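Chain and residue survey
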Amino acid sequence: MGYSPENLEYTSFCFQYFLASIQYQTQFRESNRIQVDNIIQDIIIFMKDNLENNINLDDISAHFSYSKSHLINLFKQKTSYPPMVYYNQLRMQRACSYLQFTLLKIKEIAFKLHFYDPFHFSKAFTREMKMSPQEYRKKYQK
């Protein structure tokens, strides 16, 4: 891929990772055994990738071939939140990001994140953030 600084830096990091896996074999092997944490990470990544799609628990459980009850128990055990509560928190984080770093209107953010309507979004946002979307934007937008 050439000798650009980015490629050389990437190769250097890969080599460091390789050397660390040899130096710390016990830790490396143990980290590769942790399957449950990996599936939770995969579920969280799936949730983050689908914040602007209207997914539900059925979609998540079908995607990972888990029953809903098993998925809920596993996710709650590892994160202390049910999956859909966690998903809604991710949606609020994304809403905060939109409010802070974009000029999107509040109704556009509401529909982008699949809330029923702007009022529902505003109510959920206020409940979670203890301030309205307008107040949040005024306080944090640069």
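Above this text sits the structure in question.
Residues numbered from 1 in each chain as written. Predicted model: local features only at pLDDT ≥ 70, side-chain atom pairs only at ≥ 80, totals over all residues. Heavy atoms only, no water.

**So, the overall build of the protein**
A count of helical and extended segments in the protein gives nine helices and zero strands. The secondary structure elements of the protein, listed N-terminal to C-terminal, are α-α-α-α-α-α-α-α-α. In terms of overall size, the protein is more extended than a compact globule, its C-alpha atoms giving a radius of gyration of 20 Å where 142 residues would be expected to give roughly 14 Å. In terms of overall dimensions, the protein has C-alpha extents of about 55 × 45 × 25 Å along its principal axes. Taken over 142 residues, the protein has a buried fraction of 30%. Sequence-distant contacts in the protein: of pairs separated by 6 or more residues, those separated by 24 or more amount to 53%. Accessible surface for the protein amounts to roughly 10100 Å². Of this, 54% is attributable to carbon and sulfur atoms. Here the protein carries 18 positive and 13 negative side-chain charges, and the mean point of each set is 8 Å from the other. (Helix = DSSP H or I, 4+ residues; strand = E, 2+ residues; numbered from the N terminus. Rg over C-alpha atoms; globule rule 2.2 N^0.38 Å. Buried < 20%, exposed > 50% of the residue type's maximum accessible area, 1.4 Å probe, protein only. Contact = heavy atoms within 4.5 Å. Areas by Shrake-Rupley, 256 points an atom, 1.4 Å probe, with all protein chains shown as cover. Lys, Arg positive; Asp, Glu negative; His and termini not counted. Charge placed at Lys NZ, Arg CZ, Asp CG, Glu CD.)

**So, the packing of aromatic side chains**
A complete count under the given rule lists eight aromatic pairs for this structure. In this structure an aromatic cluster arises from ring pairing among Phe 115, Phe 121, Phe 125, Tyr 136 and Tyr 140. For the cation-ring pair, Arg 91 lies above Phe 115, with the distance from its terminal atom to the ring centre recorded as 4.0 Å. (Phe/Tyr/Trp six-rings, centres within 6.5 Å; stacked < 30°, edge-to-face > 60°. Lys NZ or Arg CZ within 6 Å of the ring centre and 35° of its normal.)

**With respect to helix H6 (residues 83-101)**
When the terminal C-alpha atoms of H6 are compared, their 27 Å separation across 19 residues agrees well with the 27 Å that a helix rising 1.5 Å per residue should span. Within the span of H6, buried status applies to Pro 83, Tyr 86, Tyr 87, Leu 90, Arg 91, Met 92, Ala 95, Cys 96, Tyr 98, Leu 99 and Gln 100. (Expected span 1.5 Å × (residues − 1).)

**What to know about the nonpolar core**
A general tendency of soluble globular proteins is for nonpolar side chains to be buried together. Formed by 17 residues in total, the largest nonpolar core has its most connected members in Ile 40, Ile 43, Met 47, Ile 60 and Phe 75. Taken together, the elements giving at least two residues each to this core come down to helix H3 (35-49), helix H4 (57-64), helix H5 (68-79) and H6. Of the residues forming this core, the biggest block, six residues, is contributed by H3. Among all residues touching Phe 75, those that are not within four sequence positions of it are Ile 40, Ile 43, Ile 44, Met 47, Ser 80, Tyr 81, Pro 82, Pro 83 and Tyr 86. Within the second largest apolar cluster, 15 residues are counted, among which are Met 92, Tyr 98, Ala 124 and Phe 125. (Core = buried A, V, L, I, M, F, W, Y, C linked by side-chain atoms within 4.5 Å.)

**A look at a nonpolar patch on the surface**
Taken together, the side chains of Phe 15, Phe 18, Leu 19 and Ile 22 present a nonpolar region at the surface, about 390 Å² in accessible area. With respect to the helices, strands and loops of the structure, Ile 22 is situated in helix H1 (residues 5-23). Given the relative accessible area of 42%, Ile 22 is considered partly exposed. (Patch = residues over 30% accessible without salt bridge, like charges linked within 9 Å, V, L, I, M, F, W, Y side chains within 5 Å. Salt bridge = Lys/Arg side-chain N within 4 Å of Asp/Glu carboxyl O.)

Honestly, it's all geometry; don't read function into it.
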